[in-house]
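# Working through the structure, step by step
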Amino acid sequence: MSNVAAHPIDYWAIRRGIKLAIQNYPDLDRLPVHLERSGDVSPEECPCAILFLTGRTTPADIQRISAGRRTDHRLMFSVWILDYSLESLEAATERRDQVLAKVECALMVDRTLG
């Protein structure tokens, strides 16, 4: 028997880290980011982001020789960007896409993720 203790993954801390990376990105003006919330938001809350953990795998090709003592996981998250417009769906979609592009940049800039 080994004395190596397995450490559980703190999924909530990972979500919080992603949330902070998005909220702290200067071009996003403190965009509201919700964790694992339903998609029902009021127009006053828009634009906003909702972050979901959508999957977890343990691919064989990323496991090391220490497998059995350590397992590497690949986590998948989805970020929904919601916006609303009285003008048109096209206007809301265009603004949503602009916010999404900034969220992608925020996640690329934060080198502590991944």
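Now for a description of the structure that goes with this document. (Residues numbered from 1 in each chain as written. Predicted model: local features only at pLDDT ≥ 70, side-chain atom pairs only at ≥ 80, totals over all residues. Heavy atoms only, no water.)

This part is about the overall build of the protein. Scanning the protein for helices and strands turns up two helices and three strands. Taken from N to C terminus, the helices and strands of the protein fall in the order α-β-β-β-α. A buried classification covers 25% of the 114 residues belonging to the protein. Contacts in the protein between residues at least 24 apart in sequence constitute 45% of all its contacts with a sequence separation of at least 6. (Helix = DSSP H or I, 4+ residues; strand = E, 2+ residues; numbered from the N terminus. Buried < 20%, exposed > 50% of the residue type's maximum accessible area, 1.4 Å probe, protein only. Contact = heavy atoms within 4.5 Å.)

This paragraph deals with the packing of aromatic side chains. Under the definition given, this model contains one aromatic pair. Measuring from centroid to centroid gives 4.7 Å for phenylalanine 52 and tryptophan 80, while their planes differ by 55°, and the two rings are tilted. Of the two residues, phenylalanine 52 is situated in strand β2 (residues 48-57) and tryptophan 80 in strand β3 (residues 74-82); the sequence distance between them amounts to 28 residues. Relative accessible area serves as the criterion here: at 14%, phenylalanine 52 is assigned to the buried category. Classification of tryptophan 80 as partly exposed rests on a relative accessible area of 41%. (Phe/Tyr/Trp six-rings, centres within 6.5 Å; stacked < 30°, edge-to-face > 60°.)

Attention shifts here to the packing of helix α1 (residues 11-23) against helix α2 (residues 89-109). Relative orientation of the contacting elements α1 and α2 amounts to 115°, with a least axis distance of 8 Å. When the axes of α1 and α2 are compared, the crossing they make is right-handed. Contact with α1, carried on its side by Ile18, Ala21 and Ile22, involves Val103, Ala106 and Leu107 of α2 and no other residues of that element. Across the contact of α1 with α2, the residue classes break down as six nonpolar, no polar and no charged. (Axes fitted to C-alpha atoms, helices over the stretch in contact; angles between N-to-C directions. Left-handed = near helix turned anticlockwise from the far one by under 90°. Nonpolar A, V, L, I, M, F, W, Y, C, P; charged D, E, K, R; others polar.)

Another point: α2. The end-to-end C-alpha distance of α2, which contains 21 residues, comes to 30 Å, matching closely the 30 Å that a straight helix rising 1.5 Å per residue would cover. Among all positions of α2, only Ala91, Ala92, Val99, Val103 and Ala106 are buried. End-on view of α2: buried residues confined to an arc of 105°, all on one side of the axis. Those residues of α2 that are exposed and angled more than 90 degrees off the buried face are Glu90 and Met108. Next to the buried residues of α2 lie α1 and β3. (Expected span 1.5 Å × (residues − 1). Arc of directions from axis to C-beta.)

Helix length check: α1, at 13 residues, gives a terminal C-alpha distance of 18 Å against a target of 18 Å (1.5 Å per residue), a fit within 8%. Of the residues making up α1, those classed as buried are Arg15, Ile18, Ala21, Ile22 and Gln23.

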